[in-house]
Amino acid sequence: MQLNPSRPARHWTPTPHSAQLARGSFKKPGLARAGRHLGSLSGTPAAQPMSGRSTPGPNGRLAHGDEIDIPNRRILITGATGLLGRAVYKEAKANNWHAVGCGYTRARPRFEQVNLLDVAAVHNLIQDFQPHVIVHCAAERRPDVVDSKPDAASQLNVAASGNIAKEAAEVGAFLIYISTDYVFDGRHPPYKENDAPNPLNLYGKTKLEGEKAVLANCDDAAVLRVPVLYGEVESLEESAVTVMFDKVQFSNKSANMDHWQQRFPTYVKDVASICRQLAEKRMEDPSIKGIFHWSGNEQMTKYEMACVMADAFNLPSSHLRPITDSPVLGAARPRNAQLDCSRLQMLGIGQRTPFRIGIKESLWPFLTDKRWRQTVFH
């Protein structure tokens, strides 16, 4: 399948709250910049326009290599209220995509409110908007919550993902399904895309089943596995990385920090860029599909991450105590599920922000020392 960027949206009507944002996320398709060409989508200079428009091939799709005017590139982001979804939405908007985000409990007023378990609502949204690309970020990503609410987690991580894939295939959209390094058991890293998964916990199992449901319903979809994420959080609890910051700041009492599990903290701005690059590469090359890996390249335990946080803000770290024993509480975690990212790198796709820089950008609003809040970036 090759994307047809000239496909019009079907009577896309913004909801009342969205109409107020019409100058942003809900521009009418015909109002976006015309004259862009497939050669310019990845940041390279635009090719010169051909004398006429390309002729669609079978099924109305364009033959590979043809150039067409692109009045608008439409991208739909699920889970747009979440940590990664917000970053993907911002990245798309900043790169001339017509982006629509959907969420549920936190959707209004910025995004469309859609229950992804409502098959009819998902169908109507995708049919009306006719996206060229869908980035499916929505998921129950907390392993301990998945253990306590397995049916609800399976509905969102598996059933909803399979349905979105079916709808994507129906409109010819390129679907990027966000998955996890937790599909691996962590015994034989680093892991390539074709290595056999063996998830240790129910969260990893539901995400693996979600991968299978996506690829079964949409042959041309992509699965993007990523590790633990951090970024510009709305609360420290939003990321398993940033949640440690209060323990770092409050140095009046000792804090135990895991020093057993090897992690590769990854900045959501980098993952968002990878999603955009992958989508734009796909618009040039229809063979872009299947499973991909992306990850930060700095191996750290939570203890080591906490020490970097302390150092970044010139805070003491002597109260942090490394715990080298395997955790006994909560869902089982893989010891080291490092992802091999060479497939994307061979495609010329990549972006990595050093952890110290990314975590400083993410955490400074949460500093309790107001003097540092005023001076840290000045």
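All of these numbers come straight from a predicted model, not from anything done at the bench.

Conventions used here
- Residues numbered from 1 in each chain as written.
- Predicted model: local features only at pLDDT ≥ 70, side-chain atom pairs only at ≥ 80, totals over all residues.
- Heavy atoms only, no water.
- Helix = DSSP H or I, 4+ residues; strand = E, 2+ residues; numbered from the N terminus.
- Buried < 20%, exposed > 50% of the residue type's maximum accessible area, 1.4 Å probe, protein only.
- Contact = heavy atoms within 4.5 Å.
- Areas by Shrake-Rupley, 256 points an atom, 1.4 Å probe, with all protein chains shown as cover.
- Disulfide = S-S within 2.5 Å.
- Phe/Tyr/Trp six-rings, centres within 6.5 Å; stacked < 30°, edge-to-face > 60°.
- Lys NZ or Arg CZ within 6 Å of the ring centre and 35° of its normal.
- Axes fitted to C-alpha atoms, helices over the stretch in contact; angles between N-to-C directions.
- Parallel < 35°, antiparallel > 145°, perpendicular 65-115°, else oblique.
- Left-handed = near helix turned anticlockwise from the far one by under 90°.
- Nonpolar A, V, L, I, M, F, W, Y, C, P; charged D, E, K, R; others polar.
- Pairing = 2+ DSSP bridges.
- Expected span 1.5 Å × (residues − 1).

Draft legend 1. Examining the overall build of the protein more closely. Within the protein, the secondary structure is distributed over 12 helices and 11 strands. Looking at the protein residue by residue over its 378 residues, the buried ones come to 52%. For the protein, the share of sequence-separated contacts (at least 6 apart) that also reach a separation of at least 24 residues comes to 79%. Of the roughly 17,000 Å² of accessible surface on the protein, 51% is carried by carbon and sulfur atoms.

Draft legend 2. Fine view of the environment of Tyr 230. Secondary-structure assignment places Tyr 230 in strand β7 (residues 229–230). A relative accessible area of 0% means that Tyr 230 is categorised as buried. Along the sequence, Tyr 230 and Leu 84 sit 146 residues apart, while their C-alpha atoms lie 8.5 Å from each other.

Draft legend 3. Structural view of the state of the cysteines. Considering all chains together, one arrives at zero disulfides under this definition. No disulfide involves Cys 137; its sulfur sits 6.1 Å from that of Cys 275, the nearest cysteine.

Draft legend 4. Summary view of the packing of aromatic side chains. Scanning the model with the defined rule gives six aromatic pairs in all. Relative to Tyr 203, the ring of Tyr 182 lies with its centre 6.1 Å away and its plane at 70 degrees, an arrangement referred to as edge-to-face. Taken together, the residues Tyr 182 in the loop between β5 (174–180) and α6 (202–217) and Tyr 203 in helix α6 connect sequence positions 21 residues apart. Consider the rings of Phe 245 and Phe 313, whose centres lie 5.5 Å apart with planes at 50 degrees: the pair is tilted. Placement of the pair is Phe 245 in helix α7 (residues 245–249) and Phe 313 in the loop between α9 (302–312) and β11 (320–323), with a sequence separation of 68 residues. The burial state of Phe 245 is the same as that of Phe 313; both residues are buried. An aromatic cluster of at least three residues, connected via ring pairs, comprises Tyr 230, Tyr 267 and Phe 355. Here Arg 352 stacks its cationic end above the ring of Trp 294, 4.2 Å away from the centre of that ring.

Draft legend 5. Structural detail: the packing of helix α5 (residues 150–171) against α6. Contact pair α5 / α6: the axes reach a minimum separation of 8 Å and the direction vectors enclose 20 degrees. When the axes of α5 and α6 are compared, the pair comes out roughly parallel. For the element pair α5 and α6, the recorded crossing hand is right-handed. Here Pro 150, Ser 154, Asn 157, Val 158, Ser 161, Gly 162, Ala 165, Lys 166 and Ala 169 of α5 come into contact with α6, specifically with Leu 202, Tyr 203, Thr 206, Lys 207, Glu 209, Gly 210, Ala 213, Val 214 and Asn 217. Its residues assigned to classes, the contact of α5 with α6 shows eight nonpolar, seven polar and three charged.

Draft legend 6. Highlighting the sheet that holds strand β3 (residues 112–113). Here we have seven strands laid out as an open sheet, ordered β3-β2-β1-β4-β5-β6-β10, and parallel in their pairing. The open sheet has two edge strands, β3 and β10 (290–293), and neither has a second partner. Where strand β6 (residues 222–226) lies against β10, four bridges are found, and the strand directions are parallel. The residue of β10 that forms the bridge with Leu 224 is Phe 292. The sheet contacts of helix α2 (residues 83–94) involve β1 (74–78), β2 (98–103), β4 (133–136) and β5, and relative to β2 the element is tilted by about 165 degrees. With respect to the sheet, α5 is in contact with β1, β4 and β5, its orientation differing from that of β5 by roughly 160 degrees.

Draft legend 7. Quick look at α2. For α2, which comprises 12 residues, the first-to-last C-alpha distance of 17 Å matches the rise-based estimate of 16 Å (1.5 Å per residue) to within 8%. Among the 12 residues of α2, nine are classified as buried, and the element is accordingly described as predominantly covered. Residues of α2 that are buried include every one of Leu 83, Leu 84, Gly 85, Arg 86, Ala 87, Val 88, Tyr 89, Glu 91 and Ala 92, and no others. Residues of α2 that are buried sit in contact with β1, β2, β4, β5, β7 and α8 (268–284). Looking at the residues trailing α2, positive phi occurs at Asn 96, about 65 degrees.

Draft legend 8. A look at α9. Burial in α9 covers these residues: Tyr 303, Met 305, Ala 306, Met 309, Ala 310 and Ala 312. For α9, the secondary structure elements touched by its buried residues are α7, β8 (255–258), β11 and α11 (355–363). Looking at the residues trailing α9, positive phi occurs at Asn 314, about 55 degrees.

By themselves these figures say nothing about function.
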